[in-house]
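# Chain and residue survey
As a plain string of letters, each chain reads:
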Amino acid sequence: MIMLYGSQRDYDALTGRPSDRPAMSAEQVAAMHQHMEKFHQALAESGELVDARGLSEPVHARRVRVQGGAPVVTDGPYAETQEVLAGYTVVECVSFDRATEIAAGLVDPDTPGAYVDVRPVLDGVEDLAG
């Protein structure tokens, strides 16, 4: 699974809401969506795409914890968290190195410090045995 990260600021820029970052233009948003569609279409054609989804912005998230045996729910965004999981792409390919190569195509080279994480999805608890 390739995990993509963003922040509430990124969602604000994407949707044109005021923030400390300039809003993305309609052309920039369209170009981003076009890039993602083309990227995932190529993975589908190669047979490597399993699933890909974007996630709603952090203001629509809830964190659930249990304290004293009772659930405690906190609405997002979370002040202690700058970045949140923004979306994911699941691929099935020949190796972890190939998954890493695919993931590199999801990192925006024009965004300093941008990254994605790549982690294998386990089929079962037996996969935990090292």
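To be clear, the structure that these remarks concern was listed above.
The sections below set out a description of the structure shown in this document. This is a predicted model, so every value here is computed, not measured.

## Regarding the nonpolar core
Counting residues in each nonpolar core, the largest one holds 10 residues, listed as Ile 2, Leu 4, Phe 39, Leu 43, Val 91, Ala 99, Ile 102, Ala 103, Leu 106 and Val 116. Residue assignment for this core shows that the elements contributing at least two residues are strand S1 (2-6), helix H2 (26-46) and helix H3 (96-104). Aside from chain neighbours lying at most four places away, what touches Leu 4 is Met 36, Val 84, Leu 85, Ala 86, Gly 87, Tyr 88, Thr 89, Leu 106 and Val 116.

## Considering the sheet that holds strand S6 (residues 116-118)
The 4 strands lie next to each other as S2-S5-S1-S6, forming an open sheet whose pairing is antiparallel. Unpaired on one side and paired on the other, strand S2 (49-54) and S6 mark the two borders of the sheet. On average, adjacent strands in this sheet sit at an angle of 20° to one another, irrespective of strand direction. Pairing of S1 with strand S5 (residues 84-91) involves 5 bridges; the strand directions are antiparallel. Paired with Leu 4 across the bridge in S5 is Gly 87. Packed onto the sheet, H2 meets S1, S2 and S5 and runs at close to 160° relative to S2.

What counts, and at which threshold
- Residues numbered from 1 in each chain as written.
- Predicted model: local features only at pLDDT ≥ 70, side-chain atom pairs only at ≥ 80, totals over all residues.
- Heavy atoms only, no water.
- Core = buried A, V, L, I, M, F, W, Y, C linked by side-chain atoms within 4.5 Å.
- Buried < 20%, exposed > 50% of the residue type's maximum accessible area, 1.4 Å probe, protein only.
- Helix = DSSP H or I, 4+ residues; strand = E, 2+ residues; numbered from the N terminus.
- Contact = heavy atoms within 4.5 Å.
- Pairing = 2+ DSSP bridges.
- Axes fitted to C-alpha atoms, helices over the stretch in contact; angles between N-to-C directions.

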